[in-house]
Amino acid sequence: MGIEGEKRYALLLACNDSEYVKEVYGGYFNVFVAAFGEQGERWDLFRVVEGDFPDMDELQNYDGFIVSGSPYDAYADDFWILKLCFLLKTLDVMRKKVLGICFGHQVLCRAFGGKVGKAYSGWDIGLRKVRIVKDFSPCGFLDGLDQEIPPDLSIIECHQDEVWEVPDGAEVIAFSDKTGVEMFTIGDHILGIQGHPEYTKDILNNLIDRLLTNGCIEKGFAEDVKSQLEIAEPDRKCWEKICKIFLKGRWNQL
């Protein structure tokens with residue numbers, strides 16, 4: 001039983017924990033809670049990639065949901081992905097806050113009628129400078145923050161799929177020189193982010209090693225990305241602020 005008045009959030013985990021993340025962080029759930037959680041909140045984990053979903057009767061008890069990244073394609077027809085799309089449509093009708101990250105960003109797009117596919121320019125791995133649209137009018141949760149959040153923010157990226165076309169009624173609020181839809185919103189309750197605001201550089205470095213070992217990327221490409229990571233930093237605090245404001249409204253600690 002939860003504490004009366006406490007905020008409650010759910011992580012819909014669309015990937016399995018890597019051995020590295022389990023050893024260093026205790027799993028991706030802890031990575032997300034460390035990035036976006038606050039004292040006095042309750043966070044629940046649902047491993048949707050394994051078919052573990054929240055009870056439909058419990059959805060009204062949550063203040064927000066996060067859909068994680070995944071090695072799976074958001075446009076695939078695996079049963080759990082189709083079930084996730086149905087859940088996202090239900091949450092939309094309920095106007096529950098939903099934050100989608102990487103795969104989560106793409107599956108939100110798919111669920112609401114947009115188009116997702118392989119990135120025309122190939123893998124995007126490393127730090128990417130994202131430009132946020134200055135006019136925040138489509139996304140009221142960022143009203144008044146144009147002085148606090150720079151128009152250009154660096155974020156960790158690791159994807160080879162992308163949003164081709166946002167759903168009807170969606171607004172693109174950030175883009176980069178490589179990806180046309182880095183962020184989109186639907187109303188004030190749906191937010192998709194292509195990058196990984198929750199990732200640390202060491203998590204990405206380990207992921208690069210695994211992609212290289214599995215033959216997904218070339219050695220030279222991996223070395224170039226790692227060199228970039230040695231001299232540059234993602235704007236994690238700004239991204240955490242954006243995500244917290246979206247999920248929780250005006251954040252008292254801004």
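You'll find the protein chain entered in an unreviewed UniProt entry as Glutamine amidotransferase domain-containing protein, with Rhododendron simsii given as the organism. Recorded in UniProt for the protein chain, the comment headed Pathway (unreviewed entry) runs: "Secondary metabolite biosynthesis." What UniProt records for the protein chain under Subcellular location (unreviewed entry) is the sentence "Cytoplasm, Cytosol".

Draft legend 1. Looking closely at the nonpolar core. By size, the foremost hydrophobic cluster in this structure holds 45 residues, and its most contacted members are I66 and L99. Here this core gets six residues from one element, more than from any other, and that element is helix 7 (residues 236–248). Look past the residues within four positions of I66 in its chain and what remains in contact with it is A10, L11, L12, F32, F36, W43, L99, I101 and L247. Of all hydrophobic cores here, the second largest spans 35 residues; its members include V49, C85, V98 and I190.

Draft legend 2. Just empty space enclosed by the protein, in detail. Scanning the entire structure with this criterion turns up one cavity of 30 Å³ or more. Its boundaries defined by the atoms lining it, the largest cavity holds a volume of some 30 Å³. Lining the largest cavity, in full, are S154, I155, I156, H196, P197, Y199, P234, R236 and W239. No other element matches strand 7 (residues 152–159), which puts three residues into the lining of the largest cavity. Partitioning the lining of the largest cavity into residue classes produces six nonpolar, two polar and one charged.

Draft legend 3. Up close: the layout of surface pockets. Taken as a whole, the largest pocket holds about 610 Å³ of empty space. Along the wall of the largest pocket there are 28 residues; nearest its centre are S70, P71, Y72, L207 and L211. Breaking the lining of the largest pocket down by element, the ones donating at least two residues are helix 2 (28–36), helix 4 (103–111), strand 7 and helix 5 (201–213). Counting residues per element, the lining of the largest pocket draws most heavily on helix 5, at three residues.

Draft legend 4. Layout of the packing of helix 5 against helix 6 (residues 219–231). Contact geometry for helix 5 and helix 6: axes closest at 10 Å, N-to-C directions at 175 degrees. Classified by the angle their axes make, helix 5 and helix 6 are roughly antiparallel. Seen from helix 5, the contacting residues are K201, L204, N205, I208, D209 and L212; seen from helix 6, they are K219, A222, V225, K226 and L229.

Draft legend 5. Geometry of the pattern of salt bridges. Summed over all chains, the structure comprises 18 salt bridges. A salt bridge links R47 to D17; the shortest N-O distance between them is 3.0 Å. Of this pair, R47 sits in the loop between strand 2 (42–46) and strand 3 (64–67) while D17 is found in the loop between strand 1 (8–12) and helix 1 (19–25), placing the two residues 30 residues apart along the sequence. For D17, a relative accessible area of 16% gives the class buried. For R95, the salt bridge is made with D188, and the minimal N-O distance between the two is 3.2 Å.

Draft legend 6. Highlighting helix 7. Across its 13 residues, helix 7 extends 18 Å between first and last C-alpha, which sits within 8% of the 18 Å expected from 1.5 Å per residue. Burial within helix 7 is extensive, with 11 of its 13 residues counted as buried. Those residues of helix 7 lying buried are C238, W239, E240, K241, I242, C243, K244, I245, F246, L247 and K248. Backbone geometry just downstream of helix 7 places G249 in the positive-phi region, at approximately 80 degrees.

Draft legend 7. Geometry of helix 4. Within helix 4, eight of the nine residues are buried, which leaves it mostly tucked inside the rest of the structure. What helix 4 keeps buried is the set F103, G104, H105, Q106, V107, L108, C109 and A111. Note on helix 4: the residue one or two positions beyond its end, G113, has a positive phi of about 100 degrees.

Draft legend 8. Quick peek at the environment of F65. Examined against the element boundaries, F65 turns out to sit in strand 3. A relative accessible area of 0% places F65 in the buried class.

Draft legend 9. How the structure looks around unusual backbone geometry. Phi at R95 takes a positive value of approximately 55 degrees, unusual for a residue other than glycine. By the element assignment, R95 lies in the loop between helix 3 (79–93) and strand 4 (97–101).

Conventions we followed
Residues numbered from 1 in each chain as written. Predicted model: local features only at pLDDT ≥ 70, side-chain atom pairs only at ≥ 80, totals over all residues. Heavy atoms only, no water. UniProt positions renumbered as here; feature names shortened; annotations may be inferred. Core = buried A, V, L, I, M, F, W, Y, C linked by side-chain atoms within 4.5 Å. Buried < 20%, exposed > 50% of the residue type's maximum accessible area, 1.4 Å probe, protein only. Helix = DSSP H or I, 4+ residues; strand = E, 2+ residues; numbered from the N terminus. Contact = heavy atoms within 4.5 Å. 1 Å grid on protein atoms, 1.4 Å probe; cavity = no way out; pocket = protein on both sides within 12 Å on 5 of 7 lines; lining within 4 Å. Points joined across faces, edges and corners; volume = space filled by probe spheres on them. Nonpolar A, V, L, I, M, F, W, Y, C, P; charged D, E, K, R; others polar. Axes fitted to C-alpha atoms, helices over the stretch in contact; angles between N-to-C directions. Parallel < 35°, antiparallel > 145°, perpendicular 65-115°, else oblique. Salt bridge = Lys/Arg side-chain N within 4 Å of Asp/Glu carboxyl O. Expected span 1.5 Å × (residues − 1).

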